[in-house]
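Analysis of the macromolecular model
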Amino acid sequence: MEPALANDYESPIGQGTSENTMADYDLIRRSIEYLTMNWRAQPSLDDLADHIGLSQSHMQRLFTRWTGGLSPKGFIQAVTLDHAKHLLDQSASIMETAFEVGLSGPSRLHDLFVTHEAITPGVYKAKGEGLIIRYGLHSCPFGQALVMITDQGGLAGMAFCDAGKEQEALQDMTSRWPKARYERDQAATLPYATRAFDMNSWQQDQPLRITLIGTDFEVRVWETLLKIPMGHATSYSAIAEHLGKPTASRAVGAAVGRNPISFVVPCHRVMAKSGKLCGYHWGLTRKQAMLGWEKGHLPIDA
């Protein structure tokens, strides 16, 4: 997943609506409905195109354009992964989960997790047991950054600390996955630290792979944070509304506070409903610094 750190989006509101646009929307609505209802059968692009009445190439182009780059196959994989996570969280075995979500066996579930989460389903289920996490401390615009990566190449943690507080930050992060094995490796984590704070390396077509290890609800909150563009902010209540749980602002706040990949998963862009700055795990001063740093790096016309 790639945080929308430097991407601007144009709103379709006020741009006018053509008959072609409405017709395309109806095709997309039917497509998403079909995929949502039939995801367990793992329908192919050919299946979808036949159902909608388009050629495969036309179906692919139309769906990808309307979803901002997500293909029908990617949509099915995302839905399948979400259901698989839920089953694993409910203590289903890996084999049971694979068959329940319509995959041919554990190997396909393994490939799905490694491709999209950079961890195996077994590691996800164990919440860190059997996982090797490499870590390093690196200078950054906000003090020291503690960077943690998995052996599969996913950024699993980013924390911050001041001089003399390094061990405290490490203990805080390792307590989240107490069964994992930790190895210090400055060379392995340096490229992640460099990329995180170098705007010239933020490329939409080369996303930074991240590994979100948490409960289903926490991961849904963190995925929502990834959608907040640089220079924008949201509130805990708005996130709760987005997740279809309007009374869960307090739970959202707790999940935001447990975000393991600070800055890259931009929890610093969440404010109180009044717009006032409020709690940040690594300190309000650092939160203010991050917001100021981002504002200073926005394009002039943003």
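Nothing here was measured: the structure is a model prediction, and the numbers come from that model.

Here we look at the pairing of strand 3 (residues 155-161)
- Counting buried residues along strand 3, 7 of its 7 residues qualify, which places the element largely inside the surrounding structure.
- As judged from the 6 bridges shared by strand 2 (residues 143-150) and strand 3, these two strands associate in the antiparallel manner. Bridging from a neighbouring strand, I149 pairs with L155 of strand 3.

Structural notes on helix 2 (residues 45-52)
- Taken together, the buried positions of helix 2 are L48, A49 and I52. When helix 2 is viewed along its axis, its buried side chains cluster within an angular range of 95° and face the same direction.
- Once helix 2 ends, the next one or two residues include G53, with phi positive near 90°.

Considerations on the sheet that holds strand 1 (residues 132-140)
- Taken in spatial order, the 4 strands of this open sheet run 3-2-1-4, and their pairing is mixed. Two strands bound the open sheet, and with one partner strand each, they are strand 3 and strand 4 (181-184). Between one strand and the next, the sheet's axes are offset by a mean angle of 25°, whatever the strand orientation.
- In this fold helix 8 (residues 166-174) packs onto strand 1, strand 2, strand 3 and strand 4, with an angle of close to 30° to the strand it touches most, strand 2.

Side note on the domain arrangement of the protein chain
- Structurally, the protein chain comprises domain 1 (23-126), domain 2 (132-187) and domain 3 (216-297).
- Computed from C-alpha atoms alone, the centre-to-centre distance between domain 1 and domain 2 is 32 Å.

Some words on the packing of helix 2 against helix 3 (residues 56-66)
- At a minimum axis distance of 9 Å, the contact between helix 2 and helix 3 shows a crossing angle of 95°. The orientation of helix 2 relative to helix 3 falls into the category roughly perpendicular. Between helix 2, through L45, D46, L48, A49 and I52, and helix 3, the contact on the second element is made entirely by Q56, M59 and Q60.
- Each residue belonging to the contact of helix 2 with helix 3 can be placed in one class, and the counts come to 5 nonpolar, 2 polar and 1 charged.

Some points on the pattern of salt bridges
- For the structure on display, the rule yields 11 salt bridges.
- Between E183 and R134 there is a salt bridge; the shortest N-O distance is 2.5 Å. One end of the pair, E183, is in strand 4; the other, R134, is in strand 1, and 49 residues separate them in sequence.
- Note on E183: relative accessible area 24%, which makes it partly exposed.
- Between R258 and E218 there is a salt bridge; the shortest N-O distance is 3.2 Å. Pair noted here: R258 is in the loop between helix 12 (249-257) and strand 6 (270-271) and E218 is in helix 10 (residues 216-225), with a separation of 40 residues, a long-range link.
- The exposure class of E218 is buried, given its relative accessible area of 13%.

Topic: the packing of aromatic side chains
- Inspection of the entire model under this criterion finds 9 aromatic pairs.
- Summarising the aromatic geometry, the rings of F142 and F197 are spaced 6.1 Å apart at their centres and angled 65° between planes, so their arrangement reads as edge-to-face. Taken together, the residues F142 in the loop between strand 1 and strand 2 and F197 in helix 9 (residues 186-197) connect sequence positions 55 residues apart. Note on accessibility: F142 and F197 belong to one class, buried.
- Ring centres of F263 and W293 lie 5.8 Å apart, and the angle between their planes is 70°; on these two criteria the pair is classed as edge-to-face. With F263 in the loop between helix 12 and strand 6 and W293 in helix 13 (residues 284-296), the pair connects residues that are 30 residues apart, well separated along the chain. The two residues F263 and W293 agree in class, both being buried.
- Aromatic ring contacts, followed pair by pair, group F142, F160, F197, F263 and W293 into a single cluster.

Topic: the pairing of strand 1
- The buried fraction of strand 1 is high, at 7 of 9 residues.
- Two strands pair when backbone bridges link them, and strand 1 and strand 4 are joined in this way by 4 bridges, in the parallel orientation. Bridging across to strand 4, R134 finds its partner in E183.
- As defined by bridge partners, strand 1 adjoins strand 2 across 8 bridges and the pair is classed as antiparallel. What sits directly across from H138, in strand 2, is A145.

Observations concerning the confidence of the model for the protein chain
- Scored by pLDDT, the protein chain comes out at a mean of 85, with 90% of its residues at no less than 70.
- Across the protein chain, element-level confidence peaks in helix 2 with a mean pLDDT of 96 and bottoms out in helix 7 (residues 121-126) with 78.
- Confidence over residues 1-18 falls short of pLDDT 50; this stretch has 35 contacts with residues more than four positions distant or in other chains.

Calculation criteria
Residues numbered from 1 in each chain as written. Predicted model: local features only at pLDDT ≥ 70, side-chain atom pairs only at ≥ 80, totals over all residues. Heavy atoms only, no water. Buried < 20%, exposed > 50% of the residue type's maximum accessible area, 1.4 Å probe, protein only. Helix = DSSP H or I, 4+ residues; strand = E, 2+ residues; numbered from the N terminus. Pairing = 2+ DSSP bridges. Arc of directions from axis to C-beta. Axes fitted to C-alpha atoms, helices over the stretch in contact; angles between N-to-C directions. Contact = heavy atoms within 4.5 Å. Domains from an automatic or database assignment. Parallel < 35°, antiparallel > 145°, perpendicular 65-115°, else oblique. Nonpolar A, V, L, I, M, F, W, Y, C, P; charged D, E, K, R; others polar. Salt bridge = Lys/Arg side-chain N within 4 Å of Asp/Glu carboxyl O. Phe/Tyr/Trp six-rings, centres within 6.5 Å; stacked < 30°, edge-to-face > 60°. pLDDT = per-residue confidence, 0-100.

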